[in-house]
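Letter by letter, the chains look like this.
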Amino acid sequence: SQGKEYYDALKSVHNLIKDARKVKETIEMVSEISKIYATSYNKMLTDKNFTVVELEAIGEGYAILLKESGNLLSDIKNIVTPSNGLSLSDAERMDVIDKIHAKMADYRNLTKYYSKKSISISYIRSQEKGDMERIRSLYGDPSERYW
């Protein structure tokens, strides 16, 4: 009986630490998404291979990803705030945190993919123009890419 109580208490603490780690990682992913956006989009703005209309569309895509990431951050804040999270059991709260964490990871991966695909358009266009050196210096060689 005493061993079961000890095990249950230990499991509860383990789950609390696991939740805290996922909350921290979720917040860090928002920062990573913002960094990918700022770095990639600023480079695209100086890239002559994109038209103004294309840059506006790319910017709108990033804005949607940032907004959705911010919404998830608000959701996780509501879950971990004691006054808001009291109506949930520990298991329910952990489940919601897991889902938000997974969705944020999807948004981060989508932001990387979106950047990569947008920049690949410039690579193709510069290759057709014979202007690869300028684009390589702007975005880097494949081994140097941050995305």
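Quick caveat, the model's predicted, so the values are computed rather than measured.

### Describing the packing of aromatic side chains
Then comes step 1: For the structure shown, the criterion picks out five aromatic pairs.
Then comes step 2: Here Y37 and Y41 contribute two aromatic rings whose centre-to-centre distance is 5.8 Å and whose plane-to-plane angle is 15 degrees, an arrangement assigned as stacked. Separated by four residues within a single helix, Y37 and Y41 lie in helix α1 (residues 2-45), roughly one turn from each other.
Then comes step 3: Residue classification places Y41 among the buried residues on the basis of a relative accessible area of 13%.
Then comes step 4: These aromatic residues form a ring-pair network of at least three members: Y37, Y41, Y62 and Y114.

### Some details on the packing of helix α4 (residues 90-129) against helix α5 (residues 132-139)
Then comes step 1: Interhelical geometry of α4 versus α5 gives an angle of 155 degrees and a closest axis separation of 8 Å. Here α4 is positioned roughly antiparallel relative to α5, judged by the angle of their axes. Counting all contacts with α4, which are made through I119, S122, Y123, S126 and Q127, the residues of α5 involved are M132, I135, R136 and Y139.
Then comes step 2: Partitioned by chemical class, the residues of the contact of α4 with α5 number five nonpolar, three polar and one charged.

### A look at α5
Then comes step 1: For α5, the complete set of buried residues consists of M132, I135, L138 and Y139. Buried residues in α5, looked at end-on, bunch into an arc of 125 degrees, giving them a common side. Of the residues in α5, the exposed ones pointing more than 90 degrees away from the buried face are E133 and S137.
Then comes step 2: Just downstream of α5, G140 is the residue with a positive phi angle, here 95 degrees.

### Focus: the pattern of salt bridges
Proximity of charged atoms lets side chains of opposite charge pair with each other.
Then comes step 1: Under the counting rule described, the total for this entry stands at eight salt bridges.
Then comes step 2: Between D131 and R134 there is a salt bridge, with the nearest N and O atoms lying 2.7 Å from each other.
Then comes step 3: Of the residues examined, D131 reaches a relative accessible area of 25% and is grouped as partly exposed.
Then comes step 4: Taking relative accessible area as the criterion, R134 reaches 26% and is therefore assigned partly exposed.
Then comes step 5: A single salt-bridge network, built from bridges that share partners, covers E32, R108 and K112.

### Here we look at the nonpolar core
Then comes step 1: Judged by nonpolar contacts, the single largest core of 13 residues is most densely connected at L72, I76, I97, I100, M104 and Y107.
Then comes step 2: For this core, the element with the highest residue contribution is α4, accounting for five residues.
Then comes step 3: Ignoring sequence-local partners within four residues, the contact set of I97 consists of D19, K22, V23, I76, I79 and V80.

### So, the confidence of the model for the chain
Then comes step 1: Mean pLDDT over the chain stands at 84; residues scoring 70 or higher make up 80%.
Then comes step 2: Across the chain, the secondary-structure element scoring lowest on mean pLDDT is helix α3 (residues 82-85), at 58, and the one scoring highest is helix α2 (residues 52-80), at 93.

### Quick word on the side chain of N49
Then comes step 1: Relative to the helices and strands, N49 is located in the loop between α1 and α2.
Then comes step 2: Looking at N49, its side chain comes within polar contact range of the side chain of K129, at 2.9 Å.

Basis of the calculations
- Residues numbered from 1 in each chain as written.
- Predicted model: local features only at pLDDT ≥ 70, side-chain atom pairs only at ≥ 80, totals over all residues.
- Heavy atoms only, no water.
- Phe/Tyr/Trp six-rings, centres within 6.5 Å; stacked < 30°, edge-to-face > 60°.
- Helix = DSSP H or I, 4+ residues; strand = E, 2+ residues; numbered from the N terminus.
- Buried < 20%, exposed > 50% of the residue type's maximum accessible area, 1.4 Å probe, protein only.
- Axes fitted to C-alpha atoms, helices over the stretch in contact; angles between N-to-C directions.
- Parallel < 35°, antiparallel > 145°, perpendicular 65-115°, else oblique.
- Contact = heavy atoms within 4.5 Å.
- Nonpolar A, V, L, I, M, F, W, Y, C, P; charged D, E, K, R; others polar.
- Arc of directions from axis to C-beta.
- Salt bridge = Lys/Arg side-chain N within 4 Å of Asp/Glu carboxyl O.
- Core = buried A, V, L, I, M, F, W, Y, C linked by side-chain atoms within 4.5 Å.
- pLDDT = per-residue confidence, 0-100.
- Polar contact = N/O pair within 3.5 Å; in protein donor to acceptor, adjacent residues only side chain to side chain.

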